[in-house]
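# A structural walkthrough
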Amino acid sequence: MDVGLRQLVIDAWSWLNYKPVMADAGRPGSRAFPELAKTWVPPHELRRLAAYKVLASYDSNQAGQLAAAGGDAGALERRELGDAANLVDTALGYLLGSEQKVAVEGAEHADEATPTPGAAEAAAVQERLRKWADKELLTFRVQQAERAAVLLGDSVMALAWNPQKQRPTLRAYDPGFFFPQWDDEDDDFPTQVHLAWDLPADDDAGLKARVRRVTYELGPISEDGGEDGDGGSVAGRTYPWEPGRVSNVTCYLTDAEWLLDDLKNGEALDRLPMGKASFRVRADGTELNRLDLMIDFVPVVHIANTIPDGGEHWGRSVLARVLQALDELAATDSDSSAASATTGTPIIGLAGARLPVDRATGRPQELEVKAGAVWQLGETGRMDALDTSPQLAELRARVDHLLERIAANSRVTAAGLGTLDATEVPSGYALKLALGPLDALIGMMRLAREHKYRLLFKMVQRLYQAGRAEGWTAGETLPARLSWAPHTPTDRGAVLEEVVKAYGAGVLSLETAVMMLLEAGYPIKDASQEVERIRAKAEQDAAARRGAQAPEDGNGQQADGERATQVLSTGATH
């Protein structure tokens, strides 16, 4: 018998080492996930891919089947009631908030009496980006990508210029398809990215099993990669987002397939034989073999659920810290179900009873415990029932304890999960304190995504410029971000009172006041349009008063700020 210790591995997925399928550091999940044994899968990516598989099994209530595949036959009877999926969906809901909007820095000042320089341009870019977001179903794509990030720890989105639609298209990918190639671990972004997945065999179509690999690679512009105004070949290019600067770097796209039967051991993803590749062809007949995309960046964005540790690039699932607690919860639910069976239909012992006899066999018949049953007992007969209700109550109490532990350790909190009894909260301030860990969790998750969405919108603008789309001229890319709605309810009445007082005292501008109302959840579609309506209403009221009565003060007019404050305090809630 092999009694040696298992190999100790400490990495981004060490919290899964207690799982038998992850115990073998060299070939994790080889029994449960035979598809990971494909010859093209890089060995150093196996633990990451196996971790994604384990987390997906919890999301689909298949953790028991996974444990059975690892050798625990009794795990097939485990009851899984969707607690893992509920935790993921709850965290996702708080992360996304009620809505997301594209915001360009400086656009909020475009409608001021004296707009800041560049505000009009920022507002125009913001409007175009929002139109792109509507056409490209950005909210839907973000939810696709973010659910994968919250569950698995990572997600991937890729952009591509569509000549027919004349806009960039956005697609979310499974992070298990994402294989970045780092030249230097200290680099911020990889210079080469593979998106690869298996294509199953199709006997009806006569197709064998294949692997498809889409590669984005930054490299020097070839000698015939561009032409100057006279038609001569050059090795440099001036991109519209950096006018006046010549670059010798471009991004090449390769989209090819390989038959799995043609691959040999050692021919991993980054070493597939190009001589056996079958390249895909674009709709216009262009072969996708090192196609020059005419951009100097890789249009792929990797989103991590958490801020990675130093030297790491991968995020951590919201389930990571509580996975063992979820196992305990499923086991306790299973024990509770078994105990409830003996409580509802107890085990009964009879002494001195006259049992009915089956006339055909001559053997005593079994008694059934049911309503209205009558058993005849002798003079010394007695009946004893096994009472398992105390054990059932203890198991139910343990379920509640585990749920509280999961809520606390995941930082979603009992208040966030909705399991906190409202009568236990003495005040709104106490509720705010109870939601403190959730606020910190969502703040950290949004911070981890802030730069990635800025990068996404920068790529969108540059693809529009590279595609020479109407309205997108050459020039520097404007900073844009994804604006999130508040993740918890706010006291709208208190916010309104604060806004009115601060604006009336002159410590807030009207634009900032309206933005605060918008963030508090007031039904304001566009802050700049709301500011215009408030000012127009204030001017109408002032003109009506001047025509109906004499001036109230010695100067003959009210201050514009006071009139706007009156309109804001009386009309903003409607």
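The structure contained in this document is the topic of the report that follows. If you're wondering where the values come from, they're calculated on a predicted model, not measured in any experiment. (Residues numbered from 1 in each chain as written. Predicted model: local features only at pLDDT ≥ 70, side-chain atom pairs only at ≥ 80, totals over all residues. Heavy atoms only, no water.)

### Regarding helix α12 (residues 510-519)
Note the following rule: Three exposure classes are used, based on accessible area relative to the maximum for each residue type with a 1.4 Å probe and protein chains only: buried under 20%, partly exposed in between, and exposed over 50%. Here a strand is any run of E in DSSP of at least two residues, a helix any run of H or I of at least four, and the numbering for each starts at the N terminus. By construction, the arc corresponds to the directions joining the helix axis to the C-beta atoms.
All of the buried residues along α12 are Leu510, Glu511, Ala513, Val514, Leu517 and Leu518. Projected onto a plane normal to the axis of α12, the buried residues spread over an arc of 160° and lie on a single side.

### Concerning the side chain of Thr250
We apply this condition: Polar contact is defined as a pair of N or O atoms within 3.5 Å, subject to the rule that within protein one atom must be able to donate a hydrogen and the other to accept it, and that residues adjacent in sequence are counted only when both atoms are side-chain atoms. Residue contacts are defined here by distance: any two heavy atoms, one from each residue, within 4.5 Å place the two residues in contact.
As for its placement among the helices and strands, Thr250 is situated in strand β11 (residues 249-259). Residue classification places Thr250 among the buried positions, given a relative accessible area of 0%. Among the polar contacts listed, one links the side chain of Thr250 to the side chain of Arg237, at a separation of 3.2 Å. Apart from the residues lying within four places of it in its own chain, the contact partners of Thr250 are Glu217, Leu218, Gly219, Ile221, Arg237, Tyr239, Asp292, Leu293, Met294, Ile295 and Asp296.

### Some words on helix α4 (residues 119-135)
Stated formally: Helices are assigned an expected span. That span is 1.5 Å times one less than the residue count.
In this model α4 runs 24 Å from its N-terminal to its C-terminal C-alpha over 17 residues, within 8% of the 24 Å that 1.5 Å per residue would give. Buried within α4 are the following residues: Ala119, Ala122, Val125, Gln126, Leu129, Trp132 and Ala133. For α4, the angular spread of the buried residues around the axis is 140°, confining them to a single face. Projecting away from the buried face of α4 at angles above 90 degrees are the exposed residues Ala120, Asp134 and Lys135. Close packing links the buried residues of α4 with β1 (100-104), α5 (138-152), β2 (154-162), β3 (167-173), α10 (436-466) and β17 (480-484).

### Some thoughts on the packing of aromatic side chains
The description of two aromatic rings rests on the distance between their centres and on the angle between their planes. For clarity, the threshold we go by: In summary, the pairing rule links any two rings of Phe, Tyr or Trp, Trp by its six-membered ring, whose centres are within 6.5 Å, and it sorts them by plane angle into stacked for under 30 degrees, edge-to-face for over 60 and tilted for everything else. Definition used: whenever NZ (Lys) or CZ (Arg) falls within 6 Å of the ring centre and also within 35 degrees of the ring normal, the charge is taken to sit over that ring.
Under the definition given, this model contains nine aromatic pairs. Where Phe178 meets Trp314, the ring centres are 6.1 Å apart and the plane angle is 80°; that geometry is what we call edge-to-face. Of this pair, Phe178 sits in strand β4 (residues 178-181) while Trp314 sits in the loop between β14 (300-304) and α6 (323-344), and the two are 136 residues apart along the sequence. Accessibility classification places Phe178 together with Trp314 in one group, the buried group. Members of the aromatic cluster, connected to one another through ring pairs, are Trp161, Tyr464 and Trp472. Here the basic side chain of Arg48 rests over the ring of Phe179, its NZ or CZ set 5.6 Å away from the ring centre. Lying across the ring of Trp314, Arg48 places its NZ or CZ 4.1 Å from the centre.

### Here's the deal with the environment of His302
Mapped onto the elements of the fold, His302 is located in strand β14. Separated by 12 residues in sequence, His302 and Trp314 have C-alpha atoms that sit 9.1 Å apart. For His302, the contacting residues outside a window of four places in its chain are Asp154, Ser155, Phe178, His313, Trp314 and Lys452. Here the side chain of His302 touches Asp154 through a polar contact of 2.9 Å, side chain to side chain.

### A few points about the nonpolar core
Formally: Nine residue types can take part in a nonpolar core, namely buried Ala, Val, Leu, Ile, Met, Phe, Trp, Tyr and Cys, and a core is a set of them joined through side-chain atoms within 4.5 Å.
Core analysis: the biggest nonpolar cluster contains 111 residues, and Trp40, Trp132, Leu138, Leu319 and Tyr453 have the highest contact counts within it. Per-element accounting of this core gives the leading share, 12 residues, to α10. Look past the residues within four positions of Leu138 in its chain and what remains in contact with it is Val102, Trp132, Ala133, Leu170, Phe457 and Leu482. Counting residues in hydrophobic clusters, the runner-up holds 16 residues, among them Leu496, Ala513, Leu518 and Ile534.

### A short note on the sheet that holds β2
Spelled out, the test is: Between any two strands, pairing holds if DSSP finds at least two bridges. Axis lines are fitted to C-alpha atoms, over the contacting stretch for helices. Their N-to-C directions set the angle, which ranges from 0 to 180 degrees.
If you walk across this open sheet you meet the three strands as β3-β2-β14, and the pairing is antiparallel. Of all the strands in the sheet, the pair left with one neighbour each is β3 and β14. Strand-to-strand twist in this sheet, taken as the mean axis angle between neighbours without regard to direction, amounts to 25°. Of the strand pairs in this sheet, β2 and β14 are connected by five bridges, and their pairing is antiparallel. Bridging from a neighbouring strand, Ala158 pairs with Val300 of β14.

### Let's talk about unusual backbone geometry
Its identity as a non-glycine residue notwithstanding, Met294 has a phi of 65°, on the positive side. Along the chain, the position of Met294 falls in the loop between β13 (291-292) and β14. Phi is positive for Arg411, which is not a glycine, with a value near 70°. Looking at the secondary structure, you find Arg411 in the loop between α7 (389-410) and α8 (414-417). Arg411 gets classed as partly exposed once you look at its relative accessible area, which sits at 33%.

### Focus on empty space enclosed by the protein
Basically, it comes down to this: Only protein atoms enter the 1 Å grid, on which a cavity is a set of points fitting a 1.4 Å probe that cannot get out and a pocket is an open set with protein on both sides within 12 Å along at least 5 of 7 lines, lining residues being those with an atom within 4 Å of a point. Grid points are joined across faces, edges and corners, and a volume is the space filled by probe spheres set on the points. Under this grouping Gly is polar, as are all residues other than the nonpolar Ala, Val, Leu, Ile, Met, Phe, Trp, Tyr, Cys and Pro and the charged Asp, Glu, Lys and Arg.
Inspection of the entire model under this criterion finds three cavities of 30 Å³ or more. Of the voids in this model, the second largest cavity is the one considered here, and its volume is about 120 Å³. Lining the second largest cavity are 15 residues, with Glu80, Asp83, Ala84, Leu326 and Ala330 sitting closest to its centre. For the lining of the second largest cavity, the secondary-structure elements that each account for two or more residues are α3 (83-96) and α6. Residue contributions to the lining of the second largest cavity peak at five residues, all from α6. Grouping the constituent residues of the lining of the second largest cavity by class yields seven nonpolar, two polar and six charged.

### Overview of the pattern of salt bridges
Just so we agree on the cut-off: One side-chain nitrogen of Lys or Arg within 4 Å of one carboxyl oxygen of Asp or Glu is enough to make a salt bridge.
Evaluated as defined, the whole model comprises 23 salt bridges. Ionic pairing is found between Arg48 and Glu45, a salt bridge with its closest N-O pair at 2.8 Å. Classification of Arg48 as buried rests on a relative accessible area of 0%. Residue class for Glu45 comes out buried when judged on its relative accessible area of 5%. For Arg237, the salt bridge goes to Asp292, with nearest N and O atoms at 2.7 Å. With a gap of 55 residues between them, Arg237 in strand β9 (residues 237-238) and Asp292 in strand β13 connect regions that are remote in the sequence. The exposure class assigned to Arg237 is buried, which follows from its relative accessible area of 10%. Salt bridges linked by common partners bring Lys19, Arg78 and Asp327 together as one network.

### Topic: the side chain of Thr413
Its location among the elements puts Thr413 in the loop between α7 and α8. On the basis of relative accessibility, which here comes to 7%, the residue Thr413 falls in the buried class. Residues in contact with Thr413, not counting those within four places in the same chain, are Ala407, Ala434, Leu435, Pro437 and Leu438.

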